[in-house]
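Analysis of the macromolecular model
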Amino acid sequence: MNTNCVKAITAMCLGTIFSPWALTAANPDDRYNAWPTYSGTDLELDATAQRANFRLWSPEAEAVRLMIYPTDRNSKATETIDMKAADNGTWTASLPGNYFGKFYTFSIKHDGKWLDETPGVWAKAVGTNGHRAAIIDFDTTDPAGWDKDQGPAVDNITDVVIYEMHHRDFSVDPSSGIVNKGKFLALTEEGTHNPTGESTGIDHLKELGVTHVHILPSYDYNSVDEANLPSNQYNWGYDPYNYNAPEGSYSTNPSDPSARIREMKEMIKALHDAGIGVVMDVVYNHTADNDGSNFSLTAPGYYYRHRPDGSYSDASGCGNETASDRKQMSDFIVNSVKYWADEYHIDGFRFDLMAIHDTETMNRVAAELKKINPSIFVYGEGWTAGDSPLPAERRALKENVAKMDGIAVFSDDIRDAVKGHYSNAADRGFATGKPGNDETVKIGIVASTAHPQVDYSKGNNSKFAYASSPTQIINYVSCHDDLTLTDKLAKSMPGSSEADRQRAARLAQTIVFTSQGTPFMFAGEEVFRDKKGVHNSYKSPDSINAIDWNLKHKNAEQFEYYRQLIKLRKEHPAFRMTSAEQIAKHLVFDEKNDENVISYTLRDHANGDAWREIKVIFNGNPKAVDVKVPKGNWTVIAEDGRINADGLGTSRGGKLSVAPTSALILAR
Ligand code: CA
């Protein structure tokens, strides 16, 4: 099991595209392609009050047993059933009677040995620590009004504002004033506030104005012991165990399989009622365990890629990588996200290390989800954390995003150019005064699409316009990985004041939120939260990860800046163009500027904006610079570290001074 594997390197953008070793050696995985596959959606369990039908896919099993248990642990099987070989590599058993409330596992005989019991790969309800699957009546898990529940309508992903959060970070600190700390239910509590009266929880999200929360993994993961929750273990959750059931530690009662399901739905409904969508972070690229995973215990070998010597290949950096290029695994991913969209009303999916998956599977994911709900969107990390047998041209890399319809990728271009390199703590970027980043910031501003004034040969991370549309790009300067923006600024601006660093954070996020593409922010940066300099806090205690909501009072001006920035973006479609052609036509850079100064105009009512013209100027220098703006009657939107979407004042244009480390935005 490798839970830590990883997260130090998943932020990595691998500039090199590896060539697969499979081209020169016999592929040990070829035999799996001959296995029969099963495309039905009744895999593993289909239960009513009158009977329970089981169907396990395991083409090479020599025999399969089904065990029925009265409880989720510490009990003996009350029935052991030999399953019968059926069609397409499946094994079936049908039990008459009402089995609601019971638990089950499977065991397969492989190479003459009975393997460990497993809840299977399609357990939709599980007990403590997910070791046994549960048979429940899903109708009893729906909150009141669930049949009418729906998330916000989204025409284009560029219209959304994504807020990346972790259940525990967001609510566990005493300053949150929330009762259900670290639980799904935390986000159902209205009227919560910090000791000085500022809103927290879901009210805070509404006040900030984000459209979607992206919540770190909420499926059942491996690391936190659900039988010992008072020990307050923390984990990000990038160690998948049961992909199709919620995590127990976020439930008020992990031993009640229905509780985690009902409470997660209540959270989603509360967010939907507040007009906020829910993005699920999904990690189909690897499993927490290798031979002991539910994949390995049901169909040994099949779901993973291997090296020529038969060992697990490891593009995830976690000890294994799954094989989306194989039919049953591809179907698993597609059917799993469809299940979450259908049963839980999930509004979007973020794919961890998406480039481990093949572009064909990702295209199926996007297309199938759109059939369920056209507002659903999909994005992911367009890189791997190591080499893979999957040929580079088939990987869902950011460089291949133009081959994927309805999929967006994170822009490491804008991320590193604005704040400095993600892993070199001392490195600075455009917003902290380091020269050499201007062209890469411009790549970010045009969402990596082709633009006549952007020279991709000068890009730091990418050398070509890899996006065919701004809807394929997620812009950000920080996320759960690596240093928070607050910590990055502290490490890269030694000797600076906190006011200087907050100013740099405002400039950095102003670049993100005015750029074409989709903006994404890490929870708590609106109150200037930090993680005490810990860059890989995947299992750090609450003292590192929890957001201290007293900061909302202390840094009230920072919060107000973010709130206005989001308001500006939401009110003005010029920042949310939907095609590369629109951007090339309506976004015009000024050609002559000092180093570390970028200015551009959004002209001619871009994307139907009420404003005819918007002038955006970024000064990354620690000194004021002069810029020329056409004379006229302008409304000042942002100036000298302040912003108001309705205007701070007026300007006649001409030669204007832009304050150090700040954005000047004018509109008319
Ligand atoms: Ca778990």
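**So, the overall build of the chain**
Across its full length, the chain holds 14 helices and 28 strands. For 668 residues, the compact-globule estimate of 2.2 N^0.38 gives 26 Å, and the C-alpha radius of gyration of the chain, at 26 Å, lies within 12% of that figure. Overall, the chain is about 85 × 60 × 45 Å in size when its C-alpha atoms are taken along their principal axes. Every one of the 668 residues in the chain was classed for burial, and the buried ones make up 63%. When contacts within the chain are restricted to residue pairs at least 6 apart in sequence, those whose partners lie at least 24 apart make up 71%. In the structure as shown, the chain presents an accessible area of about 22,800 Å², 47% of it carried by carbon and sulfur atoms. On the chain, the mean spot of the 70 positive side-chain charges and the mean spot of the 90 negative ones are 4 Å from each other.

**Quick word on the pairing of strand 3 (residues 63-69)**
In terms of residue burial, strand 3 counts as a mostly covered element, since five of its seven residues are buried. Summarising the sheet, strand 3 and strand 4 (residues 79-82) pair through four bridges and their orientation is antiparallel. Among the inter-strand pairings, Leu66 is bridged to a residue of strand 4, identified as Ile81.

**Focus: the confidence of the model for the chain**
Do not read the predicted coordinates in detail wherever pLDDT is low. For the chain, per-residue confidence averages 95 on the pLDDT scale, and 96% of positions sit at 70 or higher. Between residues 6-24, whose pLDDT stays under 50, and residues either more than four places distant or in other chains, the model counts 55 contacts.

**Some details on the coordination of the calcium ion**
Taken together, the protein ligands of the calcium ion are Asp220 (OD), Tyr221 (O), Glu226 (OE) and Glu247 (OE), with distances of 2.2 to 2.4 Å. The class for Glu247 is buried, based on a relative accessible area of 0%.

**Here we look at the nonpolar core**
Of all hydrophobic cores here, the largest spans 138 residues; its most connected members are Tyr163, Tyr284, Phe349, Phe351 and Phe618. The biggest single contributor to this core is helix 5 (residues 327-344), with nine residues. Excluding residues within four positions of it along the chain, Tyr284 makes contact with Tyr243, Thr322, Met329, Phe332, Ile333, Ser336, Val337, Trp340, Phe351 and His357. Ranked by size, the runner-up nonpolar core spans 21 residues in total, among them Ala52, Leu56, Trp91 and Val126.

**So, the sheet that holds strand 11 (residues 212-215)**
An order of 10-11-14-15-16-17-18-19 is seen for the eight strands of this closed barrel, with the pairing classed as parallel. When the angles between neighbouring strand axes are averaged without regard to direction, this sheet yields 30°. Two strands pair when backbone bridges link them, and strand 10 (residues 162-165) and strand 19 (residues 518-522) are joined in this way by three bridges, in the parallel orientation. If you follow Glu164 over to strand 19, its bridge partner there is Phe522.

**Notes on unusual backbone geometry**
Positive phi outside glycine occurs at His345, with the angle close to 60°. As for its placement among the helices and strands, His345 is situated in the loop between helix 5 and strand 15 (348-351). At Asn607, a residue that is not glycine, the phi angle is positive and equals roughly 55°.

**As for the packing of aromatic side chains**
In total, this model carries 39 aromatic pairs according to the counting rule given. With 5.4 Å between their ring centres and 65° between their planes, Trp122 and Phe332 make a pair best called edge-to-face. Here Phe332 lies in helix 5 and Trp122 lies in the loop between strand 8 (113-114) and strand 9 (133-134), a separation of 210 residues in the sequence. This pair shows no difference in class: Trp122 is buried, exactly as Phe332 is. Ring geometry for Tyr219 and Tyr243: centres 6.0 Å apart, planes at 45°, overall tilted. Of this pair, Tyr219 sits in strand 12 (residues 219-221) while Tyr243 sits in strand 13 (residues 240-246); the two residues are 24 residues apart in sequence, bridging distant segments of the chain. A relative accessible area of 4% places Tyr243 in the buried class. Above the face of the Phe589 ring, Lys442 is positioned so that its terminal group lies 4.8 Å from the ring centre.

**A closer look at the pattern of salt bridges**
A pair can form between side chains of opposite charge whenever their charged atoms are brought close. Applying the stated criterion across every chain, the model contains 44 salt bridges. The salt bridge involving Arg73 is made with Asp72; its shortest N-O contact spans 3.8 Å. A relative accessible area of 9% means that Asp72 is categorised as buried. For Glu368, the salt bridge goes to Lys371, with nearest N and O atoms at 2.9 Å. Residue Glu368 and its partner Lys371 are located together in helix 6 (residues 359-372), separated by three residues, close to a single helical turn. We classify Lys371 as exposed; its relative accessible area is 63%.

**A word on helix 5**
Given a rise of 1.5 Å per residue, 18 residues ought to cover 26 Å, and the 25 Å separating the end C-alpha atoms of helix 5 matches this to within 8%. Most of helix 5 sits out of view: 14 of its 18 residues are buried. Backbone geometry just after helix 5 places His345 at a positive phi near 60°.

**Quick word on the side chain of Ser293**
Within the element layout of this structure, Ser293 appears in the loop between strand 14 (277-282) and helix 4 (294-298). By relative accessible area, which is 3% here, Ser293 ends up buried. In terms of polar contacts, Ser293 uses its side chain to reach the backbone amide nitrogen of Ser296, at 3.0 Å.

**Points about the packing of helix 9 (residues 485-492) against helix 10 (residues 498-514)**
Between two packed helices, what matters for the description is the angle formed by their axes and the separation of those axes. Packing of helix 9 against helix 10 brings their axes to within 10 Å, and their N-to-C directions diverge by 125°. Considering the angle they form, helix 9 stands oblique to helix 10. Where helix 9 crosses over helix 10, the handedness of that crossing is right-handed. Contacts between helix 9 and helix 10 involve Leu485, Leu489 and Ala490 on the former and, on the latter, Arg501, Ala504, Ala505, Ala508 and Gln509.

**Notes on the environment of Pro374**
Looking at where Pro374 falls in the secondary structure, it is placed in the loop between helix 6 and strand 16 (377-380). The exposure class assigned to Pro374 is exposed, which follows from its relative accessible area of 57%. In the structure, Pro374 is positioned 289 residues away from Ala85 in sequence and 39 Å away in space, judged by C-alpha atoms.

**Remarks on the environment of Tyr104**
By the secondary structure assignment, Tyr104 is in strand 7 (residues 103-110). If we ignore the near neighbours within four places in the chain, the residues touching Tyr104 are Leu45, Phe54, Leu66, Met67, Ile68, Tyr69, Pro119, Ala123, Arg132, Ala133, Ala134 and Ile135.

**Re the sheet that holds strand 1 (residues 46-47)**
One open sheet holds the four strands; their spatial order is 1-2-6-5, and the pairing between them is antiparallel. The open sheet has two edge strands, strand 1 and strand 5 (84-85), and neither has a second partner. As paired elements, strand 2 (residues 51-57) and strand 6 (residues 90-96) share seven bridges and run antiparallel to each other. Across the sheet, Arg51 pairs through a bridge with Pro96, a residue of strand 6.

**Observations concerning the pairing of strand 14**
Side-chain positions along a regular strand alternate between the two faces of the sheet. The element strand 14 is largely enclosed, with a buried count of six among its six residues. Along strand 14, one buried face is formed by Gly277, Val279 and Asp281 and the opposite face, lined by Val278, Met280 and Val282, is buried too. Both strand 11 and strand 14 contribute to a ladder of four bridges, which runs parallel. Its bridge partner lying in strand 14, Ile215 is registered against Met280. In this sheet, strand 15 lies alongside strand 14 in parallel orientation, the contact comprising four bridges. Residue pairing for strand 15: Val279 is matched across the bridge by Gly348.

Criteria and thresholds
Residue positions are given per chain, counted from 1 along the sequence in the order it is written. Only residues with pLDDT of at least 70 get local features here, since the model is predicted, and only at 80 or more are side-chain atom pairs given and counted; chain-wide, interface and lining totals rely on the full set of residues. Excluding hydrogens and water, the side-chain values take into account all heavy atoms of the structure. To qualify as a helix, a DSSP run of H or I must reach at least 4 residues; to qualify as a strand, a run of E must reach at least 2; elements of each kind are numbered from the N terminus. Using C-alpha atoms as the atom set, the radius of gyration is obtained and then compared with a globule rule of 2.2 Å times the number of residues to the power 0.38. Here the term buried applies to any residue with accessible area under 20% of the maximum for its type, exposed to any over 50%, and partly exposed to those in between, with areas from a 1.4 Å probe on protein chains only. The criterion used for residue contact is that any of the two residues' heavy atoms lie within 4.5 Å. Here the open area of atoms and residues is found with the Shrake-Rupley method and a 1.4 Å probe, where only the protein chains shown may cover a residue. Charged residues are defined here as Lys and Arg on the positive side and Asp and Glu on the negative side; His and the ends of the chain fall outside this count. Taken as the charge centre is NZ of Lys, CZ of Arg, CG of Asp or CD of Glu, depending on the residue. Two strands qualify as a pair provided DSSP detects at least 2 bridges between them. For every residue, the pLDDT score states the predictor's confidence, bounded by 0 at the bottom and 100 at the top. Sites may look incomplete, because water is not among the atoms used; the donor set itself consists of N, O and S atoms within 2.8 Å of the metal (3.2 Å for Na, K and Ca). Definition of nonpolar core: a set of buried residues of the types Ala, Val, Leu, Ile, Met, Phe, Trp, Tyr and Cys, connected through side-chain atoms within 4.5 Å. All axes here are fitted lines through C-alpha atoms, helices being fitted over the stretch that makes contact, and every angle between N-to-C directions spans 0 to 180 degrees. Pairing of aromatic rings covers Phe, Tyr and the six-membered ring of Trp, with a centre-to-centre limit of 6.5 Å; geometry is then stacked below 30 degrees between planes, edge-to-face above 60, and tilted otherwise. Each ring is checked for a lysine NZ or an arginine CZ that lies within 6 Å of its centre and within 35 degrees of its normal; such an atom marks a charge sitting over the ring. By definition here, a salt bridge exists when the distance from a side-chain nitrogen of Lys or Arg to a carboxyl oxygen of Asp or Glu is within 4 Å. By this rule, a helix spans an expected 1.5 Å times one less than how many residues it contains. In protein, a polar contact means a hydrogen-donor-capable atom and an acceptor-capable atom, both N or O and within 3.5 Å, with residues adjacent in sequence counting only if both atoms are side-chain atoms; elsewhere, any N or O pair within 3.5 Å suffices. Roughly parallel means an angle under 35 degrees; roughly antiparallel, over 145; roughly perpendicular, 65 to 115; everything else is oblique. Throughout, a crossing is termed right-handed when the near helix is turned clockwise from the far one, and left-handed when it is turned anticlockwise from it by less than a right angle.

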